[in-house]
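Structural overview
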Amino acid sequence: MAAISVLLVEDEALISMLVSDWLSELGCEVHEASSADEALDYINGGGAVDVLFTDINLPGRMTGAELAQKARALRPELPVVYASGRYRGDDLDGLVPHSAFMPKPFDQRQLQHVLEQIAIG
């Protein structure tokens, strides 16, 4: 996989560390945020982002779905990967086009497959 910059938005520290490690092993440059506000600050600051990977349930005033909509307003072509252990994907409204959904738990192989599809697709 070609090196891509992934903005990983996950509030659970252990999950964030694990997914960040997997992404790094796949050759990705990883930037981590623990809330939607922190992620938007990173994007607004001109941070490198080729793919937004966000949990649906985030602390604060914004969900991962709302974050993706705001990020798309700033960067219309930004690919988005949503993840959740609570939802299945087909029971969510407001997901942006050119996005993918990963139910938790997932493994590194599934993560690689989805990233290849979303970053190329």
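Please refer to the structure placed before this passage.
In this numbering scheme, every chain counts its residues from 1 along its sequence in written order. Given that this is a predicted model, residues contribute local features only at a pLDDT of at least 70 and side-chain atom pairs are listed and counted only at 80 or more, while totals for whole chains, interfaces and linings are drawn from all residues. Working from all heavy atoms in the structure, the side-chain values ignore hydrogens and water.

As for the pairing of strand 3 (residues 51–55)
For strand 3, the buried fraction is high: five of the five residues fall into the buried class. Relative accessible area decides the class of each residue, using a 1.4 Å probe on protein chains only: under 20% of the type maximum gives buried, over 50% gives exposed, and in between gives partly exposed. Secondary structure elements follow DSSP: runs of H or I of four or more residues count as helices, runs of E of two or more count as strands, with numbering from the N terminus. Here strand 3 shows two buried faces, one formed by Val51, Phe53 and Asp55 and the other by Leu52 and Thr54. Two elements, strand 1 (residues 5–9) and strand 3, share four bridges in a ladder whose sense is parallel. Of the residues in strand 3, the one forming a bridge with leucine 8 is phenylalanine 53. When DSSP locates at least two bridges between a pair of strands, those strands are taken to pair. Where strand 3 lies against strand 4 (residues 80–84), four bridges are found, and the strand directions are parallel. Bridge assignment links phenylalanine 53 to a residue of strand 4, and that residue is valine 81. Handedness of the crossover joining strand 3 and strand 4 through helix 3 (residues 64–74) is recorded here as right-handed. A crossover counts as right-handed when, viewed with the strands pointing away from the observer, the path leading from the first strand over the helix to the second turns clockwise.

Re the nonpolar core
In this text, buried Ala, Val, Leu, Ile, Met, Phe, Trp, Tyr and Cys residues form a nonpolar core when linked through side-chain atoms within 4.5 Å. Leu7, Val9, Leu52, Leu67 and Tyr82 are the most contacted members of the largest nonpolar core, which totals 21 residues. The set of elements that each furnish at least two residues to this core consists of strand 1, helix 2 (36–44), helix 3 and strand 4. For leucine 67, the residues in contact, after removing those within four places along its chain, are Val9, Ala36, Ala39, Leu40, Leu52, Thr54, Leu58 and Met62. In this structure, Cys28, Val30, Phe53 and Phe106 belong to the second largest nonpolar core, which totals 20 residues. Here, residues are in contact when the closest pair of their heavy atoms is within 4.5 Å.

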